[in-house]
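Survey of secondary and tertiary structure
These are the residues of each chain, in order.
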Amino acid sequence: MDIILLNHKHVHQDIYMYDLHIFAYIAENFIERIHISQNNTYVLFSDVYKKMDGVAREPVSQLFQDLLSYMEGRQLELESKISEFFDELFPLVYHHSINPNLKDFSADYKECLRQTRREIRPFGDIADRATQHLVRSFTVARTLLDAFELGVEVITATSSMRFRPECDTGLMRMVYCSHCSGFARTKPCGGYCLNVVRGCLAHVAELDQPWSNYVKMLERLVPNLLGSYNIEDVLSVLDTKISEAIMYAMENGPDLSKKITTWCDLSQGVSLPIISSYELLVTFERQLRWFMLPDCDTFVHRWLLCTFE
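Since this is a predicted model, take the numbers as computed values, not measurements.

Describing the overall build of the protein
- Assigned secondary structure in the protein consists of 13 helices and 0 strands.
- The linear arrangement of helices and strands in the protein, starting from the amino end, is α-α-α-α-α-α-α-α-α-α-α-α-α.
- Out of the 309 residues belonging to the protein, those deemed buried represent 39%.
- Entry remark: accessible area of the protein is about 18,100 Å², with carbon and sulfur atoms responsible for 55%.

This is how it looks when you write it as structure tokens:
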């Protein structure tokens, strides 16, 4: 009987270690993807939006710290945190990319830009879509991690359960009676095995339905990670979406400046020069290099020379 109990303990321990390994692997993979996306975003600003590189590092760092904290289980409003990143990004884009010749804004003016970003919508719907994709994918990923953690806890709890005395007797008869009768290779009939197992597990029968529901939930949840809520896909293009948002604001600079004047009061004596076509094209050239389009360098340089010679 001790051998049976020992085998039972080892099986539970193996299952526990396997589930724990899966949980750790998935969590580490998600965290690694966050770090890779963060590095890609740093490179985006250092290579394409060089004027914003230094000042953009802090909001970028805060964004990915929030994503990391959420994935690690911290309770925070993820959608609000991502929106705050785009709020912080707007004054930087407006100053360094749309009005690069303008002296630095006052703290009050920057705060006004941050507070009105969602009404002015300088990034169009690009920021909103990126926010929703991040929220949905991270919610699915976080739910999956929570589910695995719950499963590990349940397995840990059930592994310490003890069999009742009548279960011990039933298991002993089922395994060893044939040996005593000289039929060592004869297996007990299926009906008898089922009855013994049912008797041994009667005290945990109430776990059957909740556990079945738990498994079904995982079966429905996992495909979402491979579909539209794939966190790896969303993170892999996050730097691209940020760049698209910045370019949208730059391309709509004149209209954007008109909207801003109705919301925020700039200090007197400071003009609002709009970014020149040349500067816009140079930034566009850098973005093409960033996306590594074939022959983009030659094409854009020829375009610039023909247009501004």
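What to know about the packing of aromatic side chains
- Applying the stated criterion across every chain yields a total of 5 aromatic pairs.
- Relative to Tyr94, the ring of Phe90 lies with its centre 6.2 Å away and its plane at 50°, an arrangement referred to as tilted. With Phe90 and Tyr94 both in helix α3 (residues 78–98), this residue pair falls 4 residues apart, about one helical turn. In terms of burial, Phe90 and Tyr94 fall into one category: buried.
- An aromatic cluster is built from Phe85, Phe86, Phe90, Tyr94 and Phe123, whose rings are joined through pairwise contacts.
- Geometry around Tyr42 places Arg57 over its ring, the cationic atom sitting 4.1 Å from the centre.

Observations concerning the pattern of salt bridges
- For the structure shown, the criterion picks out 10 salt bridges.
- With a shortest N-O distance of 2.7 Å, Asp128 and Arg121 are connected by a salt bridge.
- Classification of Asp128 by relative accessible area gives partly exposed; the value is 34%.
- Take Arg121: its relative accessible area is 39%, and that puts it in the partly exposed class.
- Of the charged contacts in the structure, one is a salt bridge between Arg142 and Asp146, with a shortest N-O distance of 3.5 Å. With Arg142 and Asp146 both in helix α5 (residues 126–159) and 4 residues apart, the pair spans about one turn of that helix.
- Arg142 gets classed as buried once you look at its relative accessible area, which sits at 9%.

Looking at the state of the cysteines
- Applying the stated criterion to the full structure yields 2 disulfides.
- The disulfide partner of Cys112 is Cys264, and the gap between their sulfur atoms is 2.0 Å. Looking along the S-S bond of the Cys112-Cys264 disulfide, the torsion reads about -90°, which is the left-handed sense. Remark: Cys264 occurs in the loop between α11 (253–263) and α12 (277–291) and Cys112 occurs in helix α4 (residues 107–120); sequence separation between them is 152 residues. For the pair Cys112 and Cys264, one class covers both residues: buried.
- There is a disulfide in this structure between Cys167 and Cys200, and the S-S distance comes to 1.9 Å. For the disulfide bridge between Cys167 and Cys200, the dihedral angle about the S-S bond is near 100°, and by the sign convention the bridge is right-handed. Placement of Cys167 in helix α6 (residues 165–180) and of Cys200 in helix α7 (residues 190–200) is noted, with a sequence separation of 33 residues between them.

Let's talk about the side chain of Thr131
- Position of Thr131 relative to the elements: it lies in helix α5.
- A residue is classified by how much of its surface remains accessible, and Thr131, at 4% relative accessible area, is buried.
- Leaving out residues up to four positions away in the same chain, Thr131 has contacts with Glu79, Ile82, Ser83 and Phe86.

What to know about the environment of Phe85
- By the secondary structure assignment, Phe85 is in helix α3.
- In sequence terms Phe85 and Val60 are 25 residues apart; their C-alpha atoms lie 7.2 Å from each other.
- If sequence neighbours within four positions are ignored, Phe85 has contacts with Pro59, Val60, Leu63 and Ile242.

Here's the deal with the confidence of the model for the protein
- When pLDDT is averaged across the protein, the result is 78; 77% of the residues are at 70 or more.
- Note that residues 1–16 has pLDDT below 50 and, in this model, 18 contacts with residues that lie over four places away or in other chains.
- A low-confidence stretch, residues 268–276 stays under pLDDT 50, and its non-local contacts, those more than four residues away or across chains, total 22 contacts.

Cut-offs used in this document
Residues numbered from 1 in each chain as written. Predicted model: local features only at pLDDT ≥ 70, side-chain atom pairs only at ≥ 80, totals over all residues. Heavy atoms only, no water. Helix = DSSP H or I, 4+ residues; strand = E, 2+ residues; numbered from the N terminus. Buried < 20%, exposed > 50% of the residue type's maximum accessible area, 1.4 Å probe, protein only. Areas by Shrake-Rupley, 256 points an atom, 1.4 Å probe, with all protein chains shown as cover. Phe/Tyr/Trp six-rings, centres within 6.5 Å; stacked < 30°, edge-to-face > 60°. Lys NZ or Arg CZ within 6 Å of the ring centre and 35° of its normal. Salt bridge = Lys/Arg side-chain N within 4 Å of Asp/Glu carboxyl O. Disulfide = S-S within 2.5 Å. Contact = heavy atoms within 4.5 Å. pLDDT = per-residue confidence, 0-100.

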